[in-house]
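Below, each chain spelled out in residue letters.
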Amino acid sequence: MRSKTLKFKVVFYLAVALTLAMLVFTMLIVRYQRDELLREAVSHVAQISEVIKKSTRFAMLTNQPAYVDNIIRDVGNQGSIEKVRILSKDGTIIHSTYLPELGTKVDRKAEACVLCHRSEASLEQVPQSQRSRIFATQEGRRMLGSMDVIRNEPSCYTANCHQHSKSTSVLGVLDIVYSLDDIDRKMRTSAATMAAFSLGFIVIAALCVGFFVHRLVYVPLRDLETGARRLSTGNLEQAIPVRSDDEFGQLAASFNAMTVALRNSQSELREWGHTLEQKVAKRTQELRIAEAETARTEKLASVGLLAAGIAHELNNPLTGVLTFTTLLRKKMPDGSADAEDLDLVIRETKRCATIIRRLLDFAREKAPEKKFTDLNQVIEDTARIIERPASFRDIEIAMDLERDLPPVWVDADLVKQVIMNMLVNAQHAIEHEGNITVRSRRFPQPKSPEPGMQPVQMVEISIIDTGCGIPEKNLKRIFDPFFTSKEVGKGTGLGLSVSHGIVKAHGGVIEVESAVGKGSTFRIYLPLEPPAGEAQSSRSKQ
């Protein structure tokens, strides 16, 4: 197992973590077990002390020291008891399993006496928690010492053999020294056993984790690494095995999906490479067409300016011709050939003046003078003008107006001109009989005048005819200046251009739908409310 692999790192760090955890756990268990064994030893020594006190009581009452020595010696030979001794009140050892110390006096500063003699007056009762002590001998062995007070009972100070008075409360101390060798041996054995079990547990856990890491993590990662290496070399055909439904399985499935997408993209790129020249040629042709269209538009703009200048120059002579021709016509009798010729001159002169006026209106681009207007009234007044000429050709004009339409911020005269142009064009599109429907309504949702502009509330005017319709190739050109599909002398090609300019100046839109042989529908969208500050500015000028 290499030291840089994920499997090695997981196993190594898991073993370290488990070792630390088991070390702390073992230390806590060993400490707890040692404390329990010490508590049991203290309790055992306390029981032995109580047994010695009760066993020697009768011998002491009858003043039989030999009997007391036998009892102490028999008890001292038991198990781990190292030494048993009885001290008088003044510290003299009167009974002991260790004979050389009989008759000696214990120093008050000794370890066994310091707890009772911290002051000049000895304590009458030592707390149970302070009766035991643990110390080490010169050989390094650990010992447990326990002392118990022998009190002056009524049977003692009333006996004939004793000289103790009633006021004396303590007669002596029973001291037992207990060896902790067995306990230390058990603790060492227990600690070694727990360490061995812990080490075995760590090894087994590390091996199990290593196996699962290899099976659940290392193998899927190796599959992903192999797949990534194949992908880097351009091999997109071989998929990664999906071994499970977990995160690695989902990652492998996502990797396979990415490979499929890359393969499809590569195939599309090859196809694009094959057709790139054709598409470049097509775009180049479209660019040339656009350039030609731009040049044509610039030419039309120049022609428009030139036509506007010519119209302005011709307007005054035509006015003079019309005036003098009208005066001459009044002098001629009706029905004469000269009168008919003059009528023809007057009619054609008026037609020329109309064309010149439209040219001037197109060139000047008059700014709308807006105010709140009843749009339905404007539509009805305009339709009434052409209603009679339309009836002569069996054309019916129907009104479908939304009566609760709010006032609209428009220039009534310019909007009337737009509607008039639309109605005239619709009338010309119907050859014999047909229908023209004029509809108004509040458009249900906000509409944007141009791409990228903020949508606003609009009112919609629809003019629907059952005429000949407009060919699809002409739909994109009908708003160009001087473009017309009518015969020579029947149209100037300025009506829809002027209408488009008027609607655009109002911040609106014109849309058209048409089908050859079925008719056309023109939709005019005008903003319902004025832009911010425009209405206030108009009122201040008034």
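Heads up: the structure comes first, above all this text.
Residues numbered from 1 in each chain as written. Predicted model: local features only at pLDDT ≥ 70, side-chain atom pairs only at ≥ 80, totals over all residues. Heavy atoms only, no water.

Draft legend 1. Expanded view of the nonpolar core. Leu375, Met422, Leu423, Ile436, Ile524 and Leu526 are the most contacted members of the largest nonpolar core, which totals 38 residues. Broken down by secondary-structure element, the contributors of at least two residues to this core are helix 7 (375–392), strand 7 (395–401), strand 8 (408–410), helix 8 (412–429), strand 9 (434–442), strand 10 (458–465), helix 9 (495–505) and strand 12 (519–527). If one sorts the elements of this core by residue count, helix 8 sits on top with nine residues. Apart from the residues lying within four places of it in its own chain, the contact partners of leucine 375 are Leu405, Val408, Val415, Val459 and Ile461. With 25 residues, the next largest nonpolar core counts Leu37, Leu38, Leu144 and Leu174 among its residues. (Core = buried A, V, L, I, M, F, W, Y, C linked by side-chain atoms within 4.5 Å. Buried < 20%, exposed > 50% of the residue type's maximum accessible area, 1.4 Å probe, protein only. Helix = DSSP H or I, 4+ residues; strand = E, 2+ residues; numbered from the N terminus. Contact = heavy atoms within 4.5 Å.)

Draft legend 2. Examining the pattern of salt bridges more closely. Tallying each qualifying case throughout the model produces 19 salt bridges. For aspartate 343, the salt bridge identified is with arginine 329, shortest N-O distance 2.6 Å. Taken together, the residues aspartate 343 in helix 6 (residues 337–364) and arginine 329 in helix 5 (residues 247–331) connect sequence positions 14 residues apart. Of the residues examined, arginine 329 reaches a relative accessible area of 17% and is grouped as buried. Across the salt bridge formed by aspartate 400 and arginine 439, the nearest N and O atoms sit 3.1 Å from each other. Here aspartate 400 is found in strand 7, whereas its partner arginine 439 is found in strand 9, with 39 residues between them in sequence. The partly exposed category is assigned to aspartate 400, whose relative accessible area is 38%. Owing to a relative accessible area of 33%, arginine 439 belongs among the partly exposed residues under this scheme. Each of the salt bridges in this network shares a partner with another, and the network as a whole consists of Lys83, Arg85, Glu101, Arg133 and Asp175. (Salt bridge = Lys/Arg side-chain N within 4 Å of Asp/Glu carboxyl O.)

Draft legend 3. Molecular detail of empty space enclosed by the protein. Throughout the structure, instances matching the rule amount to three cavities of 30 Å³ or more. Approximately 40 Å³ is the volume found for the second largest cavity. For the lining of the second largest cavity, the elements supplying multiple residues, two or more each, are helix 8, helix 9 and strand 12. Among the elements that make up the lining of the second largest cavity, the one with the highest residue count is helix 8 (three residues). (1 Å grid on protein atoms, 1.4 Å probe; cavity = no way out; pocket = protein on both sides within 12 Å on 5 of 7 lines; lining within 4 Å. Points joined across faces, edges and corners; volume = space filled by probe spheres on them.)

Take it as geometry only, folks, not as evidence of what the structure does.
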